[in-house]
Amino acid sequence: MFDSLQKRLGSVFDRLRGRGALSESDVDAALAEVRTALIDADVALPVVKEFVAKVRESAVGDEVIRSITPGQQVVKIVHDALVETLGAESEGLSLGAPPAPILMVGLQGSGKTTTSAKLAALLQNKEKKRVLMASLDVNRPAAMEQLKVLGEQAGVATLPIILGQRPVDIAKRAIAASKVGGYDAVILDTAGRQHVDEALMAEVAEVKKFTQPHETILVADSLTGQDAVNIAKHFNDRVHLTGIILTRTDGDQRGGAALSMRAVTGAPIKFLGTGEKLDALEAFHPARVASRILDMGDVVSLVEKT
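A short tour of the structure in this document, coming up. Note that this is a predicted model, so its numbers are computed, not measured. (Residues numbered from 1 in each chain as written. Predicted model: local features only at pLDDT ≥ 70, side-chain atom pairs only at ≥ 80, totals over all residues. Heavy atoms only, no water.)

Attention now moves to empty space enclosed by the protein. In the structure shown here, the tally under the stated rule is 1 cavity of 30 Å³ or more. Approximately 100 Å³ is the volume found for the largest cavity. Where the lining of the largest cavity is concerned, the elements lending two or more residues are β2 (131–135), α7 (141–154) and α8 (167–181). Residues of the lining of the largest cavity, tallied by class, amount to 8 nonpolar, 2 polar and 2 charged. (1 Å grid on protein atoms, 1.4 Å probe; cavity = no way out; pocket = protein on both sides within 12 Å on 5 of 7 lines; lining within 4 Å. Points joined across faces, edges and corners; volume = space filled by probe spheres on them. Helix = DSSP H or I, 4+ residues; strand = E, 2+ residues; numbered from the N terminus. Nonpolar A, V, L, I, M, F, W, Y, C, P; charged D, E, K, R; others polar.)

Next comes the structure, spelled out in structure tokens:
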């Protein structure tokens, strides 16, 4: 993810770093290229405009242009603006008093059910929480069965399937079962549709109203680019998102959805899906991502992997 953006911005800043002094026109020329690179990376246009304006305001001041290393100063300003756009350092999930409901929303095909199982496995294995999963997708019995199978693979408990129940009734049963079973969290995997429609939104809003989840997480496919941003806005307007998980980030070089979603919804990106295995879910660190985009290295992630 972000590979193409890294290459484009890298060439822009290499030229800046090579200059002994910078004029205002030099900064403007570089920012014009930054603007093009962001648009090519699928970043939403309003986000691009705001980002470039913010950087220019800081970069054309006397203290930058007259400094000993103006090129480096501009790179730092862009880095700080990227971190701000991507959001504050992720604090993970806010669970609160058990059993904490976590509502998973998104479109069909975004990887929501698999991501629910990944999140449950992460909570159970790394944070030592007891987790119960429940599928509210009454339209696709196969989705219910899929969550059950994933639960067995991950060693996470799933709510027994009873056909014919409404999503809100399944949610009630899941919360009751999680209280009786002494679970720390209950993950509610809602139904997705091919397009955002009123029936889907009404169903999700009804479940949210009853369950009062501690977290409402949008699962979005990073490959859908600008569409993913519009989808995020629709969901945020109706159910107020508390976080976003981007899937298939291992297959997208542009990364514009990540830059846009945080700015458009105000909801932080909490995790990135980096593969198909159940442990392929990574915490999102804006500062590390910004460093990687600007080819400044990401030593912390490298050390963690080692």
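More follows now that the structure is in view.
In this section: the side chain of Asp-221. The residue Asp-221 is located in strand β5 (residues 215–221) in this model. Not counting the four nearest positions on each side in its chain, Asp-221 is found in contact with Gly-109, Ser-110, Ala-228, Thr-247 and Arg-248. (Contact = heavy atoms within 4.5 Å.)

Here we take up α8. Each turn of an α-helix holds 3.6 residues, which means side chains three or four residues apart point in the same direction. With 15 residues, α8 ought to run about 21 Å at 1.5 Å a step, and its terminal C-alpha atoms sit 21 Å apart, in line with that. Inspection of α8 places Pro-167, Val-168, Ile-170, Ala-171, Ala-174, Ile-175 and Ser-178 among the buried residues, and these make up the whole buried set. All buried residues of α8 lie within an arc of 155° about the axis, which places them on one face of the element. Along α8, exposed side chains directed more than 90 degrees from the buried face belong to Lys-179 and Val-180. (Expected span 1.5 Å × (residues − 1). Buried < 20%, exposed > 50% of the residue type's maximum accessible area, 1.4 Å probe, protein only. Arc of directions from axis to C-beta.)

The next subject is the nonpolar core. With 65 residues, the main nonpolar core has Phe-51 and Phe-235 as its most contacted residues. The leading source of residues in this core is helix α5 (residues 70–86), at 7 residues. If we skip the residues at most four places from it in the chain, Phe-235 touches Val-105, Gly-106, Leu-107, Val-196, Leu-200, Met-201, Leu-218, His-240 and Leu-241. Among the nonpolar cores identified, the runner-up in size contains 25 residues, and Met-133, Leu-150, Ala-154 and Ile-217 belong to it. (Core = buried A, V, L, I, M, F, W, Y, C linked by side-chain atoms within 4.5 Å.)

On inspection of all chains with the given rule, the structure shows 0 aromatic pairs. Above the plane of the ring of Phe-210 lies Lys-172, whose end atom (NZ or CZ) is 5.3 Å from the centre. (Phe/Tyr/Trp six-rings, centres within 6.5 Å; stacked < 30°, edge-to-face > 60°. Lys NZ or Arg CZ within 6 Å of the ring centre and 35° of its normal.)

Here we come to the packing of α8 against helix α9 (residues 198–211). At a minimum axis distance of 9 Å, the contact between α8 and α9 shows a crossing angle of 30°. Between α8 and α9, the crossing angle belongs to the class labelled roughly parallel. In this structure, the crossing between α8 and α9 has a hand that is right-handed. Across the interface between the two elements, Pro-167, Val-168, Ala-171, Lys-172 and Ile-175 of α8 pack against Glu-203, Glu-206, Val-207, Phe-210 and Thr-211 of α9. Broken down by class, the residue content of the contact of α8 with α9 amounts to 6 nonpolar, 1 polar and 3 charged. (Axes fitted to C-alpha atoms, helices over the stretch in contact; angles between N-to-C directions. Parallel < 35°, antiparallel > 145°, perpendicular 65-115°, else oblique. Left-handed = near helix turned anticlockwise from the far one by under 90°.)

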